[in-house]
Amino acid sequence: MLGKILSGALLLALIAGPAQAQTAVANVTIDTSKPGVEIDRHIYGQFAEHLGRGIYEGIWVGEASPIPNIRGYRKDVVEALKKIHVPNVRWPGGCFGDLYDWHDGIGPRAKRPVRVNVHWGGVTEDNSFGTHEFMNFAELIGAEAYVSLNVGSLTPYDSAQWLEYMTSDSRSSLANERRKNGRAKPWKVQFIGIGNETWGCGGNMTAEYYADVYRQYVSVLKPYGTLIASDSNSDDYEWTEKLLQRALYRHPPDVPTTLAYISKQPQINMISVHFYTFSGNDWGKKSPAVGFTEQDWARSMERTWKTDEMIARHTAILERHDPKGQVGISFSEWGAWWATDKNRPSNLYQENTLRDAVIAGLTLNIFHNHAARVRMANLAQMLNVLQSLILTDGEKMLLTPTYHVFDLYQAHQGATLLPTRVSAPDYALDAVKVPSLSVSASRNAQGEITLSLVNIDPVRAARVEIDLQGRELRGASGRVLTSTAMDAHPQFGKADPLEPVALEVPRVRKGLLSVTAPAKSVIALKLR
Ligand code: AHR
């Protein structure tokens, strides 16, 4: 709430922390004279899979539902998503997409086949949310569609037919079928994922095999949109290397050819990466979503910081194969994955706490600072699954701390990255030692500068001296998200303990601005 100001007793309580915790001192320099690349708004993309209550109840309740809806889509959810300008949504999976036949989700709903969702709990899937429901939803919230094709169990022909069905303006039978099913105008499919986790649930392929499959798909899909190659599993750099070696070009640019029609342009527009945060690096030992220890907190932060190294190493491989920078990275799945509630098997529903907000702020800062290559990302997942933006319970809905971070950071979407330098103490606990402060800065088309700051230390506040180089700094205003408990989280029907509040910012003195970042906080500052 903008009216509330974090000041006085509350601020003192938050920055003082335990008696032994002294305030850390940090310096941040922003250089306005060396603007960088644009922070692509698609970094703020979302992922919506047929999993748990992500689609059904989360997005889709049907026209007959007592829950207020717009043509079957939850009204409260649509409004909340529009408010933060969600730029793209990835659908239908995930692993669900690797067994998805698009024919199941078109035509009269009552006649659609019922399948078993084998990846997620063996629940029945009545396909009432299919192509038309997804494409119209994306249009309704003003987002681009990112369709993940089933490479794991269908053929290039099936994918080509689906894309023709969605995007053709011709008089072909497929385009006419779409018209008959209620959509006259073709849709635009901006992003096309050629497979999902093809090393795992998406086909169990080797990198070499997938690279050849990719080449085959390109030959039929080239006219359709931005083509995204299936992910390397987090830090599987060998996958990226082999994929680029074998599939980046139809014909390597340094090998002469007499065949003029062979393009020397890359045939991969983006490579994708999937990476999840747990507490530590062991998939089998996940931390609870609430009621966790400081050790869990520290290990989660350490794991999230790995995103930085991972992007740098995938980028280094790209630099060798694509020195002109034509190929981007799509971080198509990211977010926190906590221990699943045993009472809700397989649906990956989890509470969203202050820890999730700090992870979101840190990850988005890392993406911004690598914006030269990271051109897209998708939070896993948008609603009711893993690190969601929104949770629902029947007709009730709440905005998570992660949603608030996406809201706080909105001004970065499409803005120009400004280089920053940070000097701050590490946050250390047991074997963990990571930088305590994460920042990113950008300037939008109106010339406004936004600085986002994340203090990941759960105990120590930080006094941050901000120096704006190349432009006079006259003042700032900002909002902060924080709380006293590491696992503070919103609950249905109760006041939100993590709604961002206005931050009291002192006057600029001798050209420097001194801001106190409470322990475990996310801040967005507008610099004047
Ligand atoms: O987001 C949940 C699952 O995580 C996705 O289905 C899969 O792609 C990944 O392993």
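Look up: the structure comes first, before these words.
Residues numbered from 1 in each chain as written. Predicted model: local features only at pLDDT ≥ 70, side-chain atom pairs only at ≥ 80, totals over all residues. Heavy atoms only, no water.

Enquirer: What exactly am I supposed to notice about the state of the cysteines here?
Expert: Should the sulfur atoms of two cysteines be covalently bonded, the bond is a disulfide. This model, assessed by the stated rule, comprises one disulfide. What pairs with Cys-95 in a disulfide is Cys-201, and their sulfur atoms sit 2.2 Å apart. With the S-S bond torsion at -80°, the cross-link from Cys-95 to Cys-201 turns out left-handed. Taken together, the positions of Cys-95 in the loop between strand S6 (88-91) and strand S7 (115-117) and Cys-201 in the loop between strand S10 (191-194) and helix H6 (207-221) put the pair 106 residues apart, joining distant regions of the chain. With relative accessibility at 14%, the residue Cys-95 sits in the buried group. (Disulfide = S-S within 2.5 Å. Helix = DSSP H or I, 4+ residues; strand = E, 2+ residues; numbered from the N terminus. Buried < 20%, exposed > 50% of the residue type's maximum accessible area, 1.4 Å probe, protein only.)

Enquirer: Would you explain helix H7 (residues 237-247) in this entry?
Expert: Helical geometry: 3.6 residues make up each α-helical turn, so side chains three or four residues apart lie on a common side. Residues of H7 that are buried include every one of Tyr-237, Trp-239, Thr-240, Glu-241, Leu-243, Leu-244 and Ala-247, and no others. In this structure, the buried residues of H7 make contact with H6, strand S11 (226-233), strand S12 (270-277) and helix H8 (294-321). (Contact = heavy atoms within 4.5 Å.)

Enquirer: How do you make sense of the sheet that holds strand S3 (residues 45-47) when you look at a structure like this?
Expert: Strand-to-strand pairing in sheets goes through backbone hydrogen bonds, with the strands running parallel or antiparallel. Read around the closed barrel, the eight strands follow the order S3-S6-S9-S10-S11-S12-S13-S14; overall the barrel is parallel. Neighbouring strand axes in the sheet, compared pairwise and without regard to direction, differ in orientation by 25° on average. Strands S6 and strand S9 (144-148) of the sheet are contacted by helix H3 (residues 131-141), whose axis makes an angle of about 165° with S6. (Pairing = 2+ DSSP bridges. Axes fitted to C-alpha atoms, helices over the stretch in contact; angles between N-to-C directions.)

Enquirer: Quick question: what am I supposed to make of the pattern of salt bridges here?
Expert: As a working rule, side chains carrying opposite charge can pair if their charged atoms are close by. Applying the stated criterion to the full structure yields 27 salt bridges. Salt-bridge contacts for Arg-320 lead to Glu-241; the nearest nitrogen and oxygen are separated by 2.7 Å. With a gap of 79 residues between them, Arg-320 in helix H8 and Glu-241 in helix H7 connect regions that are remote in the sequence. Classification of Arg-320 by relative accessible area gives exposed; the value is 55%. (Salt bridge = Lys/Arg side-chain N within 4 Å of Asp/Glu carboxyl O.)

Enquirer: What is the right way to read unusual backbone geometry from this model?
Expert: Following Trp-91, the chain continues into Pro-92 via a peptide bond in cis, with omega recorded as 5°. With respect to the helices and strands, Pro-92 occurs in the loop between S6 and S7. That bond from Gly-93 to Gly-94 is cis: its omega, 10°, falls within 30 degrees of zero. On the secondary structure map, Gly-94 appears in the loop between S6 and S7. Of note, Glu-57 is a non-glycine position whose phi angle comes to about 85°, a positive value. One can find Glu-57 in the loop between S3 and strand S4 (69-70).

Enquirer: What am I meant to see in the site of the ligand here?
Expert: Near the ligand you find Phe-47, Glu-49, Gly-94, Cys-95, Trp-120, Asn-196, Glu-197, Tyr-276, Glu-333, Trp-337, Gln-381 and Leu-386, and these make up its full shell. The side chain of Glu-49 places a nitrogen or oxygen atom 2.8 Å from an oxygen atom of the ligand. Between an oxygen atom of the ligand and a side-chain N or O atom of Asn-196, the distance comes to 3.3 Å. Considering the ligand on its own, with 280 Å² of exposed area, one finds that the protein chains cover 94% of that surface. Tallied by class, residues from the shell around the ligand come to six nonpolar, three polar and three charged. (Near = heavy atom within 4 Å. Polar contact = N/O pair within 3.5 Å; in protein donor to acceptor, adjacent residues only side chain to side chain. Areas by Shrake-Rupley, 256 points an atom, 1.4 Å probe, with all protein chains shown as cover. Nonpolar A, V, L, I, M, F, W, Y, C, P; charged D, E, K, R; others polar.)

Read these as layout, nothing more, since geometry by itself doesn't imply function.
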